[in-house]
Amino acid sequence: MDDDMESGSLLMGSYLDRPRTFPNMKTKAYTPLIFRIFMGINVRVLLILLLLGLGAVFYIGASTSPIIVFVLCICILSFLFAIYLTKWVLAKDEGPPEMVQISDAIRDGAEGFFRTQYGTISKMAVLLAIVILCIYLFRSTTPQQESSGIGRATTAYITVAAFLLGAVCSGIAGYVGMWVSVRANVRVSSAARRSAREALQIAVRAGGFSAIVVVGMAVIGVAILYATFYVLLGVDSPGSIMKVTDLPLLLVGYGFGASFVALFAQLGGGIYTKAADVGADLVGKVEQGIPEDDPRNPAVIADLVGDNVGDCAARGADLFESIAAEIISAMILGGTMADRCKIEDPSGFILFPLVVHSFDLVISSIGILSIRGVRESGAKAVIEDPMAILQKGYSVTIFLAVITFGVSTRWLLYTEQAPTAWFNFALCGLVGIITAYAFVWISKYYTDYKYEPVRTLALSSSTGHGTNIIAGISLGLESTALPVLVISISIVSAFWLGQTSGLVDESGNPTGGLFGTAIATMGMLSTAAYVLTMDMFGPIADNAGGIVEMSNQPESVREITDVLDAVGNTTKATTKGFAIGSAALASFLLFSAYMDEVSSFAHTSFQQVDIAIPEVFIGGLLGSMLIFLFSAWACSAVGRTAQEVVNEVRRQFIERPGIMDYREKPDYGRCVAIVASASLREMIKPGALAIVSPIMIGLLFRIIGHLTGHPLLGAKVVAAFLMFATVSGILMALFLNTAGGAWDNAKKFIETGALGGKGSDSHKAAVTGDTVGDPFKDTAGPSLHVLIKMLATITLVMAPVFL
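Residues numbered from 1 in each chain as written. Predicted model: local features only at pLDDT ≥ 70, side-chain atom pairs only at ≥ 80, totals over all residues. Heavy atoms only, no water.

1. Focus on the overall build of the protein
Move 1: Scanning the protein from terminus to terminus reveals 24 helices and 0 strands.
Move 2: Radius of gyration (C-alpha) of the protein: 26 Å, near the 28 Å computed for a compact globule of 803 residues.
Move 3: Referenced to the eigenvectors of the C-alpha coordinate spread, the extents of the protein come out at roughly 90 × 60 × 45 Å.
Move 4: Looking at the protein as a whole, 63% of its 803 residues qualify as buried.
Move 5: By sequence separation, contacts in the protein at least 24 residues apart represent 84% of the contacts at least 6 residues apart.
Move 6: When the accessible surface of the protein is summed, it comes to about 28300 Å², and 65% of that surface belongs to carbon and sulfur atoms.
Move 7: The centroid of the 54 positive side-chain charges in the protein is displaced by 5 Å from the centroid of its 64 negative side-chain charges. (Helix = DSSP H or I, 4+ residues; strand = E, 2+ residues; numbered from the N terminus. Rg over C-alpha atoms; globule rule 2.2 N^0.38 Å. Buried < 20%, exposed > 50% of the residue type's maximum accessible area, 1.4 Å probe, protein only. Contact = heavy atoms within 4.5 Å. Areas by Shrake-Rupley, 256 points an atom, 1.4 Å probe, with all protein chains shown as cover. Lys, Arg positive; Asp, Glu negative; His and termini not counted. Charge placed at Lys NZ, Arg CZ, Asp CG, Glu CD.)

Right, dumping it as structure tokens:
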């Protein structure tokens, strides 16, 4: 077939031999408004404003705590390091003109979609902010708020401001992830012509830039918000009745805003990327028998755009909200425990999460720099195992995380009331770090084709499409067992270590259990920046492979990008496993915070949820149902959008028969426009379901409880709803992520030449499995990570409505 195409191109004047042009996907250059404003200011004026801003931030930080100043310094140094990584990556060459044109088309499509998508999300965020303001203006206040002198109006404006700031920062995190990926992909493609190691290093450092900025923004955002509230509310000042332990609850809106944006970003981006991918594969690979990323496929540019808006922008927002939610929940629990134990200086327990993630920025930067290039170059040199290289960097990061975590606990969690408590909490952090490593290893085992599960799945493809699907589903179901066991052991171990730390309340009861679990969550996320780096590496490598294929580079170059792409699939799967594990632990903490807040508003103890009560059991069923319905709507959204892409690609092949023999050029822009409009339309329904469901259920059962004389019924039903949704969501996300990743890499394994290689019957069956798994691993699965945490934050913010 290749010979036919080559002879056809020679006879008919192929456009492969002509200078290539790719469509401009946007009508004008796009730069976010905030950047346009800064770019329009004189450089000297901008520098003065920047210095004044930094001065104000450090003044507020110094007025709060030396710990805040330390956090701010580390974050600013990390941003400077991110700038260094950016300059290093952008200094690399972009390759020949045909590569640059393809990269420009991808960048145009990604930025155009981002502008439209986040425009829609921002309007919904403003609307929700107004709703939150109205609710808080008319809700009751807790005894703690009354004693601290914060009225309804103050609480309302603080919560809305925090919500909007979280939403804006989450949006910026998404933009940063996309910005770097659309500029690094072509540089990785160009480097692959020289050396596999150089291509790997560029992809890692590009991903590292995004990861450092995302984590740094999450940390500095919470730190500035905390310090600002501390100063404005006069906490611990003479005559003030506001206590420092009351501050973390005011930050909940920040986590909610981040979760809100991340959910719609993940939904819209996931629908976009997988609809384009499925549409391209079904017609291109299966029907026409052409390779992946072949320039004759009209949907190929849309597919490559999707890698950036789905895997980079959405994942940046996802990890941002994961870290923000974990920091805030841990600060709340640290403050609550310090208050109960009457610790003289509780600031260490409250600010500990910020310090842990500040050290994360440092150690992850070292891990990123540990991946260096080698002197030997040449595309035909022996290709090293990229996963082994990335694993070495991760091992360095893990080792440093253990050391810095021990230092942090001794520095901030030492108290004379329990001199050995800090050591117990250090062990809790070690539990979390081991949990993170275990999740990464388990995800790699089930999704990397070096191991038996994926090879067995690939072997099932040799007997047909049906056996491939059966094997993939069974592998995904099996993969939920080990992660659940790891989560269970980590929660129990961390809780026990916290309980035996020696910290007790006024009655002598141990109070460190929940905080120990919070410390374990921080330990799990203490290497988040490096893990996000590995995740960003995946779509950048995938894009690089597409650019290489479309620009007709030698086969040896494509071999390098194929190896990087296969490893990228594994790193993306491990990151998703890491994210769902952290979501499970963070949701457990937020659930406890929700019960504490209900107790405060109801003026009665609320520590247990009795599912023997029919209404409460129904709430649990509804929570589980939400997970299945949300997943169904997300997958069906991909299916419907993919159908539109399939019809368009088929139409072009029929109406333009010259496409197949290179005499006519596909209309890439048409497919991009179809996917963009459809994905924006389709993301609304599942997103609205996730936001509206807990609020409506809580209000409904609040009314029923009022009529039947059970004032806490609404809160109890919502607690069961949240509990069951979290458990079901964890299992569903593990199944979807692992099954999808395994199907993808089973196809990649066959494409290496195993079981007949490309074009064989086994390969066709594997492509079918990969197509089924696409919406699993890149749309529904990752969206569930965000959904679980968003349900926890939205119930915490809306708790007064349910009473």
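2. Section: the packing of aromatic side chains
Move 1: Taken as a whole, this structure holds 24 aromatic pairs when the rule is applied.
Move 2: Measuring from centroid to centroid gives 5.6 Å for phenylalanine 352 and phenylalanine 405, while their planes differ by 85°, and the two rings are edge-to-face. Residue phenylalanine 352 is located in helix 11 (residues 347-369), and its partner phenylalanine 405 is located in helix 12 (residues 386-412); the two are separated by 53 residues in the primary sequence. Side by side, phenylalanine 352 and phenylalanine 405 carry an identical accessibility label, which is buried.
Move 3: Through successive ring pairs, a cluster of aromatic residues spans Phe163, Phe256, Phe260 and Phe264.
Move 4: Above the face of the tryptophan 88 ring, arginine 205 is positioned so that its terminal group lies 4.5 Å from the ring centre.
Move 5: Arginine 410 extends its terminal NZ or CZ atom over the ring of tyrosine 414, reaching a point 4.3 Å from the ring centre. (Phe/Tyr/Trp six-rings, centres within 6.5 Å; stacked < 30°, edge-to-face > 60°. Lys NZ or Arg CZ within 6 Å of the ring centre and 35° of its normal.)

3. Some words on the side chain of threonine 771
Move 1: Examined against the element boundaries, threonine 771 turns out to sit in helix 24 (residues 761-797).
Move 2: Overall, the relative accessible area of 11% leaves threonine 771 in the buried class.
Move 3: For threonine 771, the side chain forms a polar contact with the main-chain oxygen of valine 767, separated by 2.7 Å.
Move 4: Discounting chain neighbours no more than four positions away, the residues touching threonine 771 are Val278, Asp281 and Leu282. (Polar contact = N/O pair within 3.5 Å; in protein donor to acceptor, adjacent residues only side chain to side chain.)

4. As for a nonpolar patch on the surface
Move 1: There is a patch of nonpolar side chains on the surface, built from Val45, Ile48, Leu49 and Leu52 and spanning about 370 Å² of accessible area.
Move 2: You can see valine 45 is positioned in helix 3 (residues 43-64). (Patch = residues over 30% accessible without salt bridge, like charges linked within 9 Å, V, L, I, M, F, W, Y side chains within 5 Å. Salt bridge = Lys/Arg side-chain N within 4 Å of Asp/Glu carboxyl O.)

5. Description of the nonpolar core
Move 1: Membership of the largest hydrophobic core comes to 260 residues, with the highest contact counts inside it found for Tyr226, Ile301, Phe425 and Tyr594.
Move 2: Among the elements that take part in this core, helix 8 (residues 196-232) stands out by supplying 24 residues, more than any other. (Core = buried A, V, L, I, M, F, W, Y, C linked by side-chain atoms within 4.5 Å.)

6. Let's talk about empty space enclosed by the protein
In this approach, a probe sized like a water molecule rolls over the atoms, and the result shows the empty space that is left.
Move 1: The tally for this structure, following the rule as stated, stands at 8 cavities of 30 Å³ or more.
Move 2: In this structure, the second largest cavity spans a volume of roughly 90 Å³.
Move 3: Looking at the second largest cavity, it is lined by 14 residues, and the ones nearest its centre are Ser443, Ala573, Gly577, Leu734 and Thr738.
Move 4: For the lining of the second largest cavity, the secondary structure elements donating two or more residues are helix 13 (421-447), helix 19 (555-602) and helix 23 (713-751).
Move 5: Split into classes, the residues belonging to the lining of the second largest cavity amount to 7 nonpolar, 6 polar and 1 charged. (1 Å grid on protein atoms, 1.4 Å probe; cavity = no way out; pocket = protein on both sides within 12 Å on 5 of 7 lines; lining within 4 Å. Points joined across faces, edges and corners; volume = space filled by probe spheres on them. Nonpolar A, V, L, I, M, F, W, Y, C, P; charged D, E, K, R; others polar.)

7. Concerning the pattern of salt bridges
Move 1: Within the structure shown, the criterion is met by 21 salt bridges.
Move 2: Across the salt bridge formed by arginine 194 and glutamate 198, the nearest N and O atoms sit 2.8 Å from each other.
Move 3: Connected through salt bridges with shared partners, the residues Lys274, Asp277, Asp744, Lys747, Lys748, Asp770, Asp774, Lys777 and Asp778 form a single ionic network.

Remember that the coordinates give geometry; whether it matters functionally is a separate question.
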